[in-house]
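The chain contents come next:
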Amino acid sequence: MEISFRKANADDLDAVFQMVSRAIALMTERKIFQWDEIYPAKSDFQTDIQKNELYAGTVGGKIAVVYALSHESDGQYKSADWHYTGEDYLVLHRLCVSPDFQNLGVATRTLRHIESQIRGMGMKSLRLDAFLENPYALRLYSKSGYHKTGFAYWRKGSFILLEKVVDADF
């Protein structure tokens, strides 16, 4: 299965949000209460698109995965023990695989793509957070070489802060 990655645009907004809403319903069925009707909101994705920070991975013209990359992070990220302490890093937000494409390796391939993408942008590290009650995300990041740097506590519970240095020279 070939995944084509591109910047998402305003025309994608409804399809992205419908896909994410279906993913939230599936997470809820699996007793993973990470996302809900409050977060992520459609406006979060709209803002990502306006800032040119939302990407879509498509398979056969259908959105299979979305993610946002930015320099922005919650204040709790400041307390983490980041391996890379320079400014050349990005933060991964709102990675979501469509229920239609789950368990097919899409998330793993997307992470590899993101790592290559940000390396090509001159970035040294990728930071993110993962809900401690989401075993699928925890397994994905662990097997992909992400390292724990700390914890954050938000409305939905405890999250682990993770990092992967993507620059081999660092």
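Heads up: the structure comes first, above all this text.
Bear in mind that the values here come from a model prediction, so they are computed numbers and not experimental data.

Calculation rules
Residues numbered from 1 in each chain as written. Predicted model: local features only at pLDDT ≥ 70, side-chain atom pairs only at ≥ 80, totals over all residues. Heavy atoms only, no water. Pairing = 2+ DSSP bridges. Helix = DSSP H or I, 4+ residues; strand = E, 2+ residues; numbered from the N terminus. Axes fitted to C-alpha atoms, helices over the stretch in contact; angles between N-to-C directions. Contact = heavy atoms within 4.5 Å. Buried < 20%, exposed > 50% of the residue type's maximum accessible area, 1.4 Å probe, protein only. Phe/Tyr/Trp six-rings, centres within 6.5 Å; stacked < 30°, edge-to-face > 60°. Lys NZ or Arg CZ within 6 Å of the ring centre and 35° of its normal.

**Brief notes about the sheet that holds strand S3 (residues 62–70)**
Then comes step 1: Across the sheet, seven strands lie side by side as S1-S2-S3-S4-S5-S7-S6; this open sheet has mixed pairing. For this open sheet the edge positions go to strand S1 (4–7) and strand S6 (147–154), each flanked by a neighbour on one side alone. Taken pair by pair, the neighbouring strands of this sheet meet at an average axis angle of 30°, ignoring direction.
Then comes step 2: Where S1 meets strand S2 (residues 54–59), four bridges bridge the pair, whose relative direction is antiparallel. Counterpart to Arg-6 in the pairing with S2 is Ala-56.
Then comes step 3: In the packing of helix H1 (residues 13–29) onto the sheet, the strands contacted are S2, S3 and strand S4 (89–97), and the crossing angle to S3 comes to about 95°.
Then comes step 4: Sheet strands touched by helix H3 (residues 106–120): S1, S2, S3, S4, strand S5 (125–131) and strand S7 (157–165). Its angle to S3, the strand with the most contacts, is close to 40°.

**Regarding the side chain of Arg-127**
Then comes step 1: Tracing the backbone through its elements, the reader meets Arg-127 in strand S5.
Then comes step 2: Not counting chain neighbours up to four residues away, the residues in contact with Arg-127 comprise Tyr-77, Trp-82, Tyr-84, Thr-85, Gly-86, Tyr-89, Leu-90, Val-91, Leu-92, Leu-162 and Glu-163.

**Here's the deal with the side chain of Thr-149**
Then comes step 1: One can find Thr-149 in strand S6.
Then comes step 2: Among the residues examined, Thr-149 registers a relative accessible area of 10% and is labelled buried.
Then comes step 3: Among residues more than four places away in sequence, those in contact with Thr-149 are Ala-80, Asp-81, Trp-82, Leu-161, Leu-162 and Glu-163.

**A look at the packing of aromatic side chains**
Then comes step 1: Tallying each qualifying case throughout the model produces eight aromatic pairs.
Then comes step 2: A centroid spacing of 5.0 Å and a plane angle of 45° characterise the contact between Phe-131 and Phe-159, whose relative ring orientation is tilted. Pair noted here: Phe-131 is in strand S5 and Phe-159 is in strand S7, with a separation of 28 residues, a long-range link. By the burial criterion, Phe-131 is buried, and Phe-159 matches it.
Then comes step 3: An aromatic cluster of three or more residues is present, and its members are Phe-5, Tyr-55 and Tyr-67.
Then comes step 4: Just above the ring of Tyr-136 sits the side chain of Arg-30; from NZ or CZ to the centre is 4.9 Å.
Then comes step 5: Over the aromatic face of Tyr-89 sits the side chain of Arg-127, whose NZ or CZ is 3.7 Å from the ring centroid.

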